[in-house]
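# Per-entry structural report
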Amino acid sequence: MLKGGKIVSRKSIIIIGAGIAGLSAGCYAVMNGYDTVIFEAHDKPGGLCTSWNRRGYTIDGCIHHLAGSGPSSELYRVWQELGALEGRGMVFHDEFVRVEDPEGRAFTVYTDIDRLEQHMKQLSIADAEVIEEYTRAARRFLNIDLLAFGLLKPWQIGMKSLPRIGDFIKWGKITLEDFAQKFKDPFLRKAFPVIQYGFSGIPMLIHLNFLAGCHNRTLGWPSGGSLQFARSIERRYTALGGRIHYRSRVEKILTEDNKAVGVRLSDGTEHRADTIVSAADGHTTIFGMLEGKYIDDGISKYYQAAPDYLDMSLQVSLGAARDMSREPHALALFLEDPLEVSGKKYERLDIEIFNFDKNLAPPGKTVIKAMFGASYGYWKDLRADRERYEYQKQEIARAVIDRMDKRFPGLKGQVEMVDVATPVTFENYTGNWKGLQAWMPPDRGFGTMMNGFTRSLPGLDNFYMAGQWAEAMIGISTAALSGRNLVRHLCKKYKRLFVTK
Ligand SMILES: Cc1cc2nc3c(=O)[nH]c(=O)nc-3n(C[C@H](O)[C@H](O)[C@H](O)COP(=O)(O)OP(=O)(O)OC[C@H]3O[C@@H](n4cnc5c(N)ncnc54)[C@H](O)[C@@H]3O)c2cc1C
């Protein structure tokens, strides 16, 4: 093969996992002349970026906001390279979320920052100064797309960051909870901390970046939802000539003289390649497939500190024979009568109403989803007794329907589909250890953003990781960039020109 005037050999790559990172690595590897095969444990692509069908409804398990949804984001071209947006409309919401309390007050986080400022002042003119501080800060993020930093070289990141370093430091240190304390109005003080998907302890920096992205129309929803989005990338990969094998679980990464040389599948077959890439779960890769032989202190500590509690890991989805097209698409509903699950009290329901995508439900009907943070340990223990596990799932669904019926009278009688996914469901589905998603190592911070966490492993050659565990950071765009940057790195290593077509 002739590239950049030089004859180069066609190197082979095995990729483990067809989540967004594996698919992305696969696409760019084939574009750059690598003989590429993906082994995926499941029978479909996408990993966490997935949806499933129940009784004529499509439940989306993942996307709220896709970074790079609009052409003004640099990430947009990555999705074009990956064919992810082909034939796909994008939905941009006018509201980020609406927060309501039982007394009938509502705070709407409009994605238009001017409208948001006006609305907040209507809610509490006494807070005008704080509101202006907030919206002024959001406007300062309009020209900086933090999520696209992965596309840049370190010096470019430096150039872009330098004029904003003050903003990064200031807003990186303040959480939504901290900022909320500045409001005099008790409702704003209560509502503000829950506006970023209800997550707690989120730095204002993250929220301001999201708000600016929604205002700019670069954070949106790809119509059809998560699985369709992943399928588009899978189509691009196979159209380029990449091979993919489903129901092919990798059990072991084969090594010789501290070099990765191949993989062994659960059916006992062995496959060899010049380079092995794992885009599968980090813990399974490092401690399972590689038996913990290639680690250092940082890696051990990271996995030892794995959290038990994970946001959004308990999802109650309902299919209702009800047109909800006039309802907000995202609602944080403070409850009169808190809900108790697994001994934990939930003061609020965080709800998504999928009224904006007609592909997900039959005409005149709607998918609604309530999301909770949950303990993996609790659900794992419960799962040992299948009957109790199913009972508990029904109980929480019943409680959710009950609370929602108060906000949407008559809903109870219109529910015709109920689906509950727990942290154990996520574990079973993706093979992700304890149903977890990656988290940032607390002691590394900015360095991890630049260099990733385990893009390679100490002492092992010809082996790489891609995706959330390689980067210690979640996000569909992060996963895609991780796959792209890996192939760019390989091209540099083998002195090839990196191409994206
Ligand atoms: C509820 C929820 C909401 C989210 N919302 C958003 C959002 O709005 N926007 C956003 O950008 N991100 C969102 N994310 C995060 C995003 O989905 C993930 O960060 C991203 O999809 C991770 O991709 P990945 O390819 O790194 O890993 P994964 O998706 O985990 O893919 C790993 C793949 O490896 C396969 N695999 C595992 N073990 C093996 C094995 N032994 N052999 C072969 N294959 C194996 C798995 O089956 C899977 O397909 C959300 C995640 C969740 C759970």
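Computed from a predicted model, the values in this text were never measured in an experiment.

## Focus: the domain arrangement of the chain
- Domain annotation for the chain reports domain 1 (2–49 + 225–305 + 436–493), domain 2 (107–216) and domain 3 (313–430).
- Look at where the C-alpha atoms of domain 1 and domain 2 centre, and you get two points 34 Å apart.
- Of the residues lining the interface, seven residues belong to domain 1; the matching set on domain 2 comes to six residues.
- Note on domain 1 versus domain 2: buried area summed over both sides is about 600 Å², and carbon and sulfur give 65% of it.
- Area buried by domain 1 at its contact with domain 2 is led by M450, L481 and R488, which between them contribute 56% of it.
- Joining domain 1 to domain 2, the criterion identifies zero salt bridges.
- Scanning the region where domain 1 abuts domain 2 turns up one residue pair in polar contact (both at pLDDT 80 or more).
- Among the secondary structure elements, those contributing two or more residues to the side of domain 1 that touches domain 2 are helix 16 (446–451) and helix 18 (476–493).
- In terms of residue class, the side of domain 1 that touches domain 2 is built from three nonpolar, two polar and two charged.

## Considerations on the packing of aromatic side chains
- Evaluated as defined, the whole model comprises 26 aromatic pairs.
- Ring geometry for Y378 and W379: centres 5.4 Å apart, planes at 85°, overall edge-to-face.
- Take Y378: its relative accessible area is 25%, and that puts it in the partly exposed class.
- Here the aromatic cluster, defined as three or more aromatic residues joined through ring pairs, consists of F287, Y302, Y303, W433, W439, F453 and W469.
- The side chain of K344 reaches across the aromatic face of Y346, ending 5.2 Å from its centre.

## Some words on the UniProt feature "transmembrane region" (unreviewed entry) in the chain
- Per the UniProt annotation, the sites labelled "transmembrane region" (unreviewed entry) are residues 12–31.
- Helix makes up 60% of residues 12–31 and strand makes up 25%, while its end C-alpha atoms are separated by 13 Å.

## Overview of the site of the ligand
- The ligand sits among 33 residues. The nearest are E40, L48, H64, G475 and I476.
- Here C62 contributes a backbone N or O atom positioned 3.1 Å from a nitrogen atom of the ligand.
- Taking G475, its main chain carries an N or O atom lying 2.8 Å from an oxygen atom of the ligand.
- Here the ligand has 1000 Å² of accessible area as a free molecule, and 95% of this is covered by the chains.
- When its residues are assigned to classes, the shell around the ligand shows 16 nonpolar, 15 polar and two charged.

## What about the pairing of strand 16 (residues 275–278)?
- In strand 16, alternate side chains face the same way, and those of T275 and V277 on one face and I276 and S278 on the other are all buried.
- Both strand 3 (residues 12–16) and strand 16 contribute to a ladder of four bridges, which runs parallel. Following the sheet pairing, I15 is matched in strand 16 by V277.
- Where strand 16 lies against strand 22 (residues 463–465), three bridges are found, and the strand directions are parallel. The partner of S278 across the bridge, within strand 22, is M465.

## Considering unusual backbone geometry
- Positive phi, close to 50°, is recorded for R247, a residue that is not glycine.
- Relative to the helices and strands, R247 resides in the loop between strand 12 (243–245) and strand 13 (250–256).
- We classify R247 as exposed; its relative accessible area is 65%.

## Side note on the environment of L162
- Along the chain, L162 falls in the loop between helix 5 (154–161) and helix 6 (165–173).
- With relative accessibility at 64%, the residue L162 sits in the exposed group.
- Once the C-alpha coordinates of L162 and I20 are considered, the two residues, 142 residues apart in sequence, prove to be 31 Å apart.

## A closer look at the pattern of salt bridges
- With the rule as written, the count across this model stands at 35 salt bridges.
- Linking K182 and E133 is a salt bridge whose minimum nitrogen-to-oxygen distance equals 3.0 Å. Of this pair, K182 sits in the loop between helix 7 (176–180) and helix 8 (186–191) while E133 sits in helix 4 (residues 128–140), and the two are 49 residues apart along the sequence.
- For K182, a relative accessible area of 38% gives the class partly exposed.
- Overall, E133 belongs to the buried group, its relative accessible area being 17%.

## What about the sheet that holds strand 8 (residues 90–91)?
- Taken together, three strands build an open sheet; the order of strands is 7-11-8 and the sheet is antiparallel. On the outer flanks of this sheet lie strand 7 (66–67) and strand 8, each paired with one strand and no other.
- Both strand 8 and strand 11 (residues 219–222) contribute to a ladder of two bridges, which runs antiparallel. Across the sheet, residue M90 finds its bridge partner in strand 11, namely P222.

So, how was this worked out
What you see as residue numbers is a count from 1 along each chain, following the sequence as written. The predicted origin of the model limits local features to residues at a pLDDT of at least 70 and limits the giving and counting of side-chain atom pairs to 80 or more, whereas totals for whole chains, interfaces and linings rest on all residues. The side-chain figures draw on all heavy atoms in the structure; neither hydrogens nor water molecules are used. Domain start and stop positions are those given by an automatic or database domain assignment. Contacts were defined at the residue level, with two residues in contact if any of their heavy atoms lie within 4.5 Å. Note on terms: buried area is the combined drop in 1.4 Å-probe accessible area of two parts once they are placed together, counting the loss on both. Salt bridge, as applied in this entry: a Lys or Arg side-chain nitrogen positioned within 4 Å of an Asp or Glu carboxyl oxygen. In protein, a polar contact requires one atom able to donate a hydrogen and another able to accept it; more generally it is a pair of N or O atoms within 3.5 Å, and residues adjacent in sequence count only if both atoms are side-chain atoms. For the purposes of this entry, the term helix denotes a DSSP run of H or I that reaches at least four residues, the term strand denotes a run of E that reaches at least two, and both are numbered from the N terminus. Residue polarity is assigned by list, with Asp, Glu, Lys and Arg as charged and Ala, Val, Leu, Ile, Met, Phe, Trp, Tyr, Cys and Pro as nonpolar; anything else, Gly included, falls into the polar class. Each pair of aromatic rings taken from Phe, Tyr and Trp, with Trp reduced to its six-membered ring, is defined by centres within 6.5 Å and is described as stacked if the planes are under 30 degrees apart, edge-to-face if over 60, and tilted in the remaining cases. Under the scheme applied here, a residue whose accessible area is under 20% of the maximum for its type counts as buried, over 50% as exposed, and between as partly exposed, the area being computed with a 1.4 Å probe on protein chains only. Charge-over-ring placement is defined geometrically: NZ (Lys) or CZ (Arg) within 6 Å of the ring centre, and within 35 degrees of the ring normal. UniProt positions are given in the numbering used here, feature names are shortened, and annotations may be inferred rather than shown by experiment. Throughout, the term near means that a residue has one or more heavy atoms lying within 4 Å of the molecule or strand in question. Accessible areas in this description were obtained via Shrake-Rupley with a 1.4 Å probe; residue shielding takes into account the shown protein chains only. Being paired, for any two strands, means DSSP has found at least two bridges between them.

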